[in-house]
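Residue strings, one per chain:
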Amino acid sequence: MGYRSVSPANKSLAVAVTNSKKLISHVAALRPRQWTKNLVVFAAPLFAFSITLQSLIGSLLAFILFCCASSGFYLINDIADVESDRQHPIKCHRPIAAELVKIPVAIGMAVALLGIALSIGWLRSPQLGATITAYTLLQIAYNLRLKRMVILDIGAIATGFVLRALAGAAATDIVLSAWFILCTAMLALFLGVEKRKAELRLTQIKGNKPRAVLKRYSLPLLNRMENVVSTGTVVTYALWSAGPYLHGASTSWMLVTLPFVLYGIFRYQLLSDPHDIGNHSDNLEQGGRSERPEELLLKDLPILVTVMGWILTCFTILWLNKQGIIA
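Quick caveat: nothing in here was measured; it's all calculated off a predicted structure.

About the thresholds
- Residues numbered from 1 in each chain as written.
- Predicted model: local features only at pLDDT ≥ 70, side-chain atom pairs only at ≥ 80, totals over all residues.
- Heavy atoms only, no water.
- Helix = DSSP H or I, 4+ residues; strand = E, 2+ residues; numbered from the N terminus.
- Buried < 20%, exposed > 50% of the residue type's maximum accessible area, 1.4 Å probe, protein only.
- Contact = heavy atoms within 4.5 Å.
- UniProt positions renumbered as here; feature names shortened; annotations may be inferred.
- Phe/Tyr/Trp six-rings, centres within 6.5 Å; stacked < 30°, edge-to-face > 60°.
- Core = buried A, V, L, I, M, F, W, Y, C linked by side-chain atoms within 4.5 Å.
- Axes fitted to C-alpha atoms, helices over the stretch in contact; angles between N-to-C directions.
- Parallel < 35°, antiparallel > 145°, perpendicular 65-115°, else oblique.
- Left-handed = near helix turned anticlockwise from the far one by under 90°.
- Expected span 1.5 Å × (residues − 1).
- Polar contact = N/O pair within 3.5 Å; in protein donor to acceptor, adjacent residues only side chain to side chain.
- Patch = residues over 30% accessible without salt bridge, like charges linked within 9 Å, V, L, I, M, F, W, Y side chains within 5 Å.
- Areas by Shrake-Rupley, 256 points an atom, 1.4 Å probe, with all protein chains shown as cover.
- Salt bridge = Lys/Arg side-chain N within 4 Å of Asp/Glu carboxyl O.
- pLDDT = per-residue confidence, 0-100.

1. Section: the overall build of the protein
Here is step 1: Counting its secondary structure elements, the protein contains 14 helices and zero strands.
Here is step 2: Each helix and strand of the protein, ordered N terminal to C terminal, gives the series α-α-α-α-α-α-α-α-α-α-α-α-α-α.
Here is step 3: A buried classification covers 46% of the 327 residues belonging to the protein.
Here is step 4: Of the contacts made within the protein by residues no fewer than 6 positions apart, 68% connect residues no fewer than 24 positions apart.

2. Section: unusual backbone geometry
Here is step 1: Residues other than glycine seldom take positive phi values, yet glutamate 99 does so here, at roughly 60°.
Here is step 2: Considering the arrangement of structural elements, one finds glutamate 99 in the loop between helix 4 (82-87) and helix 5 (103-124).
Here is step 3: A positive phi angle, near 75°, is found at isoleucine 151, a position not held by glycine.
Here is step 4: Counting through the fold element by element, isoleucine 151 comes out in the loop between helix 6 (126-144) and helix 7 (152-172).

3. Points about the UniProt feature "transmembrane region" (unreviewed entry) in the protein
Here is step 1: Residues annotated by UniProt as "transmembrane region" (unreviewed entry) correspond here to residues 39-57, 100-122, 151-170, 176-193, 245-266 and 301-320.
Here is step 2: Spanning residues 151-170, this segment combines 95% helix with 0% strand, and its end C-alpha atoms are found 28 Å apart.
Here is step 3: A helix fraction of 100% and a strand fraction of 0% characterise residues 301-320, whose end C-alpha atoms lie 28 Å from each other.

4. Things to note about the side chain of threonine 306
Here is step 1: Its location among the elements puts threonine 306 in helix 14 (residues 301-322).
Here is step 2: Of the residues examined, threonine 306 reaches a relative accessible area of 9% and is grouped as buried.
Here is step 3: Apart from the residues lying within four places of it in its own chain, the contact partners of threonine 306 are Phe260, Tyr263 and Gly264.

5. Structural notes on the packing of aromatic side chains
Here is step 1: This structure, assessed with the given rule, holds seven aromatic pairs.
Here is step 2: Taking the centre distance of 4.6 Å and the plane angle of 50° together, the rings of phenylalanine 47 and tryptophan 240 count as tilted. Separated by 193 residues along the polypeptide, phenylalanine 47 in helix 2 (residues 43-47) and tryptophan 240 in helix 9 (residues 219-241) bring together distant segments of the chain.
Here is step 3: Under the relative-accessibility criterion, tryptophan 240 is labelled buried at 3%.
Here is step 4: With a centroid separation of 5.6 Å and 40° between ring planes, the pair formed by phenylalanine 47 and tryptophan 310 is classed as tilted.

6. Structural notes on the nonpolar core
Here is step 1: One finds Phe47, Phe180, Tyr217, Tyr237, Trp240, Met254 and Trp310 to be the most contacted residues of the largest nonpolar core, which totals 39 residues.
Here is step 2: Elements with a contribution of two residues or more to this core: helix 2, helix 7, helix 8 (178-206), helix 9, helix 10 (258-271) and helix 14.

7. Some details on the packing of helix 3 (residues 53-80) against helix 5
Here is step 1: Direction vectors running N to C along helix 3 and helix 5 enclose 150°, while the axes themselves pass 8 Å from each other. In terms of their interaxial angle, helix 3 and helix 5 are classed as roughly antiparallel. The handedness of the crossing between helix 3 and helix 5 is left-handed. Contacts between helix 3 and helix 5 pair Leu61, Leu65, Cys68, Ala69, Ser71, Gly72, Phe73, Leu75, Ile76 and Ile79 from the former with Ile103, Ala106, Ile107, Met109, Ala110, Leu113, Leu114, Ile116, Ala117, Ile120, Gly121 and Arg124 from the latter.

8. Regarding helix 8
Here is step 1: Counted at 1.5 Å a residue, the expected span for helix 8 with its 29 residues is 42 Å, and the 42 Å between its end C-alpha atoms agrees.
Here is step 2: Its side-chain oxygen 3.1 Å from the backbone nitrogen of tryptophan 179, serine 177 forms the N-cap of helix 8.

9. Here we look at a nonpolar patch on the surface
Here is step 1: A cluster of nonpolar side chains, Leu301, Leu304, Val305 and Met308, forms an exposed patch at the surface whose accessible area comes to about 370 Å².
Here is step 2: Along the chain, the position of valine 305 falls in helix 14.

10. Some words on the confidence of the model for the protein
Here is step 1: Within the protein, residue pLDDT values average 85, and 86% of them lie at 70 or more.
Here is step 2: Confidence, read as mean pLDDT per element, is least for helix 12 (residues 284-288) in the protein (48) and greatest for helix 5 (95).
Here is step 3: Confidence over residues 277-287 falls short of pLDDT 50; this stretch has 20 contacts with residues more than four positions distant or in other chains.

11. Thoughts on helix 7
Here is step 1: Taking 1.5 Å of rise per residue, the 21 residues of helix 7 would be expected to cover 30 Å, and the 30 Å separating its terminal C-alpha atoms lies within 8% of that figure.
Here is step 2: Burial runs high along helix 7: 17 of the 21 residues are buried.
Here is step 3: Note on helix 7: the residue one or two positions beyond its end, aspartate 173, has a positive phi of about 55°.

12. Considerations on the pattern of salt bridges
Here is step 1: For the structure on display, the rule yields 12 salt bridges.
Here is step 2: Where arginine 86 meets glutamate 99, a salt bridge forms, and the shortest distance between an N and an O atom there is 3.5 Å. Placement of the pair is arginine 86 in helix 4 and glutamate 99 in the loop between helix 4 and helix 5, with a sequence separation of 13 residues.
Here is step 3: With a shortest N-O distance of 3.0 Å, lysine 197 and glutamate 226 are connected by a salt bridge. In this pair, lysine 197 sits in helix 8 while glutamate 226 sits in helix 9, placing the two residues 29 residues apart along the sequence. Like lysine 197, the residue glutamate 226 is buried in the burial classification.
Here is step 4: A network of salt bridges, in which partner residues are shared, links Arg31, Asp78, Asp85 and Arg94.

Here you go:
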């Protein structure tokens, strides 16, 4: 019985396909979808009405460095949780849990990414380097302890967003309004509470064993926390957009954007509503996406339209302000 030989062209094609799959797996391990969280660094020039080439380049650098740092910690987190992830119905498909990326390789990638973020950050400016260092220390504390401590886990997530905003300011030499920083913190706390609420409700529906920190939460508690932080988000944003009289935006016309913020918060609450998730099977997957804010931003059309409308309105107000048409 004869054997068919494999031509060099077919071998090359097979090698190329294998290498392509490996590359895709290694990129997926960095969780590029979650890089949308790092877009907060662009808020500094936008909220300060300082849209220049220099500020955009600085924000882009901060964005890249935070993508490196956050991906480094995603790798470390996946390595630490590899055994529990393999028991999870969704997380078992992550590249490290699925053994598509070897742990020694993942460790090397994490060290390289964190080294790049820290070294370039300090070279750019002491302020940017200190912010990325603070983010690094926060993530170490979060992975070692804080993610298992009730309330402090949500606070750590919110602090990460505030540090991203401060990094954008440090990279562009922009001084941020105190109202903007408070609004960022409130919004980040809101997203953190909604994330925990979705995790808890989906765990109850599917009958999965909850993580240790989820056992300390309850839906009534999370609903009360949600009321506080959602109110805080709206109030601090309104105070910032009221204008220079309250040391906020450079023009009080930013109040025009308040309806977008209100609708976005209400829409997010709708998607994470326990009654909506639990009693409508077609909303189970969509409601579960409030566990993953980056997917809501990219896949929920009303929220995407709201964000785009907010950005377009902000740029319109900025242009009119620069032209002297509005004050």
